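# Architecture at a glance
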Amino acid sequence: MENERFVTYYKAQKIVPEEEWEAFMASLRQHLPTTFRVAGTRQTAATLNYTIKTAYVTSLSNVEFEGQQIPPLYPDGLAWQFNVPKKALRKSPEFKKFHSFLVFETEVGNISRQEAVSMLPPLFLDVEPHHKVMDMCAAPGSKTAQLLEALHANDTPTSTSTPSGLLIANDSDHKRTHLLIHQSARLPSPALMVTNLDASIYPGLKVPASINGGNDQRLESLLFDRILCDVPCSGDGTIRKNMGIWKKWQAMDGNGLHGLQLRILQRAMKLLKKEGRIVYSTCSLNPVENEAVVAAALRLNPDFKLIDVASKLPELIRRPGLTEWRPAADRTAEETFNTHEAYINSPVDKSRSKLTEGHWPPVDVERYNLPLCMRIYPHLQDSGGFFVAVLERTTDTVVHTTPNDKKREAEEAAEISETKKPRLANDPLSGDAIPEAAPSTGTDSPDPTLKPQENSSSKRGKQKQNDAAESVGGGVGGQFKENPYTFLTPDDPDLLSCIERLHLTSEFPSSNVLVRNPTGDAIRSLYITNEAVKQVVLNNDFNRIRLTAAGTKVCSKQDAGKGTEPQFRVLGEGLPVILPYIDPATIILGDMTTLKTLIESYYPLCSTFIAPFRDIVEALEPGSHVVRFPPGELDGASLTHEIVLPIWKSNVSLTLMIDKKAKRSVPLAGETAPPEEGKVQGADPIPVEDDIMDEGAMKA
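No experiment lies behind these values; they were computed from the predicted model shown.

What counts, and at which threshold
- Residues numbered from 1 in each chain as written.
- Predicted model: local features only at pLDDT ≥ 70, side-chain atom pairs only at ≥ 80, totals over all residues.
- Heavy atoms only, no water.
- Pairing = 2+ DSSP bridges.
- Helix = DSSP H or I, 4+ residues; strand = E, 2+ residues; numbered from the N terminus.
- Phe/Tyr/Trp six-rings, centres within 6.5 Å; stacked < 30°, edge-to-face > 60°.
- Buried < 20%, exposed > 50% of the residue type's maximum accessible area, 1.4 Å probe, protein only.
- Core = buried A, V, L, I, M, F, W, Y, C linked by side-chain atoms within 4.5 Å.
- Expected span 1.5 Å × (residues − 1).
- Bend = angle between axes of the 7 residues up to and from the residue.
- Disulfide = S-S within 2.5 Å.
- Salt bridge = Lys/Arg side-chain N within 4 Å of Asp/Glu carboxyl O.
- Contact = heavy atoms within 4.5 Å.
- Axes fitted to C-alpha atoms, helices over the stretch in contact; angles between N-to-C directions.
- Parallel < 35°, antiparallel > 145°, perpendicular 65-115°, else oblique.
- Left-handed = near helix turned anticlockwise from the far one by under 90°.
- Nonpolar A, V, L, I, M, F, W, Y, C, P; charged D, E, K, R; others polar.
- 1 Å grid on protein atoms, 1.4 Å probe; cavity = no way out; pocket = protein on both sides within 12 Å on 5 of 7 lines; lining within 4 Å.
- Points joined across faces, edges and corners; volume = space filled by probe spheres on them.
- Lys, Arg positive; Asp, Glu negative; His and termini not counted.
- Polar contact = N/O pair within 3.5 Å; in protein donor to acceptor, adjacent residues only side chain to side chain.

### What to know about the sheet that holds strand β23 (residues 588-589)
One open sheet holds the 4 strands; their spatial order is β23-β24-β27-β28, and the pairing between them is mixed. Looking along the sheet, the strands with just one partner apiece sit at the ends: β23 and β28 (654-656).

### What about unusual backbone geometry?
Cis geometry marks the peptide bond from Ala-139 to Pro-140, where omega comes out at 5°. Positionally, Pro-140 belongs in the loop between β5 (132-135) and α7 (142-151). Residue Ala-611 is joined to Pro-612 through a cis peptide bond whose omega torsion reads 5°. Structurally, Pro-612 is set in the loop between α20 (592-600) and α21 (613-619). Phi at Ala-333 is positive, roughly 60°, even though this residue is not glycine.

### Considering the packing of aromatic side chains
Applying the stated rule across the entire model yields 15 aromatic pairs. With a centroid separation of 5.9 Å and 50° between ring planes, the pair formed by Phe-6 and Trp-246 is classed as tilted. In this pair, Phe-6 sits in helix α1 (residues 4-13) while Trp-246 sits in helix α9 (residues 244-248), placing the two residues 240 residues apart along the sequence. With a centroid separation of 5.6 Å and 35° between ring planes, the pair formed by Tyr-343 and Trp-360 is classed as tilted. Of this pair, Tyr-343 sits in helix α12 (residues 340-344) while Trp-360 sits in the loop between α13 (350-353) and β14 (374-376), placing them 17 residues apart in sequence. Each of the two residues, Tyr-343 as well as Trp-360, counts as buried. By the ring-pair criterion, three or more aromatic residues cluster together here, those being Phe-6, Tyr-9, Tyr-10, Trp-246 and Trp-249.

### Quick look at the nonpolar core
If you look at the biggest cluster of nonpolar residues, it comprises 114 residues, and the most contacted ones within it are Met-136 and Leu-391. Looking at this core element by element, the count peaks at 8 residues for helix α10 (residues 252-271). Val-554, Cys-555, Leu-575 and Val-644 belong to the second-largest nonpolar core, a separate cluster that totals 25 residues.

### As for α10
Its 20 residues place the ends of α10 30 Å apart at the C-alpha level, agreeing with the 28 Å of an ideal helix rising 1.5 Å per residue. The largest bend in α10 amounts to roughly 35° and is located at His-258. Among the 20 residues that make up α10, 18 are buried, leaving the element largely enclosed by the rest of the structure.

### Observations concerning the state of the cysteines
In the structure shown here, the tally under the stated rule is 0 disulfides. The thiol sulfur of Cys-233 is not disulfide-bonded, and the nearest other cysteine sulfur, from Cys-283, lies at 3.3 Å. The buried category is assigned to Cys-233, whose relative accessible area is 0%.

### Notes on helix α11 (residues 291-300)
Of all the 10 residues making up α11, 9 are buried; the element is thus mostly covered by neighbouring parts of the structure. Taken as a whole, α11 has its buried residues at Glu-291, Ala-292, Val-293, Val-294, Ala-295, Ala-296, Ala-297, Leu-298 and Leu-300.

### Quick word on the pattern of salt bridges
Summed over all chains, the structure comprises 19 salt bridges. Note that Asp-615 and Arg-614 form a salt bridge whose closest N and O atoms lie 3.6 Å from each other. Bridged by salt links that share partners, the residues Asp-126, Arg-277 and Lys-312 form one connected network.

### Examining the side chain of Ser-200
Structurally, the position occupied by Ser-200 is in the loop between β7 (192-195) and β8 (206-208). For Ser-200, a relative accessible area of 11% translates into the label buried. The contacts of Ser-200, once residues within four sequence positions are left out, are Leu-260, Arg-263, Ile-264 and Arg-267.

### Some details on the packing of α10 against α11
In contact at an axis separation of 9 Å, α10 and α11 are set at 45° when each is read in the N-to-C sense. On the basis of their axis angle, the class for α10 and α11 is oblique. In this structure, the crossing between α10 and α11 has a hand that is right-handed. Contact residues: His-258, Gln-261, Leu-262, Leu-265, Gln-266 and Met-269 in α10; Ala-292, Val-293, Val-294, Ala-296, Ala-297, Leu-298 and Leu-300 in α11. Of the residues that constitute the contact of α10 with α11, the class distribution is 10 nonpolar, 3 polar and no charged.

### Observations regarding empty space enclosed by the protein
Considered as a void within the structure, the second largest cavity measures approximately 80 Å³ in volume. The wall of the second largest cavity is formed by Arg-501, Leu-502, His-503, Val-570, Ile-582, Thr-586, Ile-587, Ser-624, His-625 and Val-626. Broken down by element, the lining of the second largest cavity gets its largest block of residues, 3 residues, from strand β24 (residues 623-629). Counted by class, the lining of the second largest cavity contains 5 nonpolar, 4 polar and 1 charged residues.

### Quick notes on the packing of α1 against helix α2 (residues 21-28)
Two numbers describe how α1 lies on α2: the axes approach to 13 Å, and their chain directions differ by 140°. Judged on the interaxial angle alone, α2 and α1 are oblique. For the pair α1 and α2, the crossing hand works out as right-handed. Across the interface between the two elements, Phe-6, Val-7, Tyr-10 and Lys-11 from α1 touch Trp-21, Phe-24, Met-25 and Leu-28 from α2. Residues that form the contact of α1 with α2 fall into these classes: 7 nonpolar, no polar and 1 charged.

### Remarks on the environment of Ile-317
Inspection of the secondary structure puts Ile-317 in the loop between β12 (304-306) and β13 (319-320). Given a relative accessible area of 38%, Ile-317 falls into the partly exposed group. Here the alpha-carbon distance between Ile-317 and Met-374, two residues 57 residues apart in the chain, equals 9.5 Å. Beyond its immediate stretch of four places on either side in the chain, Ile-317 contacts Ile-376, Leu-380 and Gln-381.

### What to know about the environment of Val-103
Residue placement: Val-103 occurs in helix α5 (residues 93-107). When its relative accessible area of 32% is taken as the criterion, Val-103 is described as partly exposed. Taking C-alpha positions, Val-103 is 9.2 Å from Arg-113, a pair spaced 10 residues apart along the chain.

### Notes on the pairing of strand β19 (residues 525-528)
Residue alternation in β19 divides its side chains into two sets, Ser-525 and Tyr-527 and Leu-526 and Ile-528, and both sets are buried. Sheet analysis places strand β18 (residues 513-515) next to β19, joined by 2 bridges and oriented antiparallel. Considered in β19, the bridge of Val-513 is made with Ile-528. By the bridge criterion, 4 bridges tie β19 to strand β21 (residues 552-558) in an arrangement that is antiparallel. Its bridge partner lying in β21, Leu-526 is registered against Cys-555.

### Some words on the side chain of Glu-289
Residue placement: Glu-289 occurs in the loop between β11 (272-282) and α11. It turns out Glu-289 is buried and unbridged, and the closest side chain with the opposite charge, Arg-375, is 8.8 Å from it. A distance of 2.8 Å separates a polar atom in the side chain of Glu-289 from a polar atom in the side chain of Ser-284. Filtering out sequence-adjacent residues up to four positions away, Glu-289 remains in contact with Cys-233, Ser-234, Gly-254, Leu-257, Gln-261, Tyr-280, Thr-282 and Ser-284.

Here it is as structure tokens:
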């Protein structure tokens, strides 16, 4: 594991003191510790974390491997790191059981296998439930999940709150947006939207002034409180887990991405409100992708400043940002240049490198407070390499650029050569994909087209919208074929039928229910959003913003058998969202014996249950119902806190409407064996839509 170019270049940058160089390089050659984060709402995560501590960490606390023990990190102790190679996880008896537990809980969504440094950017954003948040380069979704958890800080173990804020998760790769949607479904949120756009030219969104905190309904640009720019980068900070970097690394990787990174950060600056916060981050060690981008953005946007977050996460060992660096102009990195002028006067081939003045430290570098940036090095805390900068907007002033500034911006925009542009299939202009040499990821014009999408007819007037869906979308990806979202009116017959069947109260936000159906098709699923998401959908053309998800699916229509009309049922993933609106008198009370039967059998007959539960369910009409299980004990297992689950009643039997993996994650304390041994595990169930005719089916 050697690369002379890497050593030559980073020694020239002086990224670590000379006396730390050997320790730094030695850490890069070591395996990366296994890290994971306990996901979900705070109370749910606390429950699972208790299981980890009591059932596993206790038995592992006296076990050492290569001199390393398991230390906790992350706020509230909800993330864990242990320095054990993956092969040891499978071979060591002490760790094998724990490994099985991790694999299972990851599959059902209770645990996120995420590198420790990757968890940092959302923490520095300080998201609150009322914030309007954007994740500009969101896929695959681990950081998006953290942002959602922050928005839903007021959730309970059984029901989801409806935050007044919103989260727009964006990615330029259409396939990756669907992975993002799948990941986000683990925490269903009416406040989530997913778009498929080039982050560097993300369009302005129109919303009523009230969404921005105003007092009227005139349309204005949506401004965000928090924006995460975890941008595409060369990724050499991940060298401990991506060993191929040792062979392929060369300095030009970072040079070619600098312009894209700057454009994404500048676009975020235009979308941020006064006193809003941006976190800019990369998994790169290269100052050209880090401090150089931040300095150039601050120079062009004087209403922004870096802020000091030294008091945040005090246990995190970090180093200050650099104020000096020397870009290289060729693959060998044998020659670096102290200034842009020195580079211009050198004999190197300028057509290949295309370095701009922004690649170098500005002359007045001190004014930008770059030491407030944070550098995370592998040898400091046994982690990957990472860079984080936290910026804040200080005024509402519009920045007036000078001709020289415009020239510099034009140079920055043109600097990515064709061989280094991130590219996707059929998408040569995408600003969010990964260049071949880089193993990691990672527009102020108003929209003149405003298309409110409300109606109440049985056809729901979708033909015009469907025609739009077949048109070519802007930004990335070529043709955009997603169906638009159509909000139902509160008096829509299908919606009224659903409300009646599911016993929803008058507080149910029936004006925020939408559908997504091809023209003329009967409604199959209902989605719900909060008011902020609704206004974005209503006041912006879905094709222009390439909307791929909005809100969360809560109900689906189910065939009820011969001679019976199809009716809506509550989805497992949607139950936490609509539970606060279900009439409490209609929620059935279960017990531990009932829960055990429902978990162990797919279609138990109503007659097999014991009274009083048997008498209650036999009297119910066929259809969707909800059961509440209070804490209790049975045969050495205990339910430590209340859970609420959806069931479907046919004429003679019941079905628990969660999939097999979710069944096995129902929180029965005292059952700690690995899942493959047939035991039930400790965490709140992560419900997934499950067709009752195929109990194992999982649908996107």
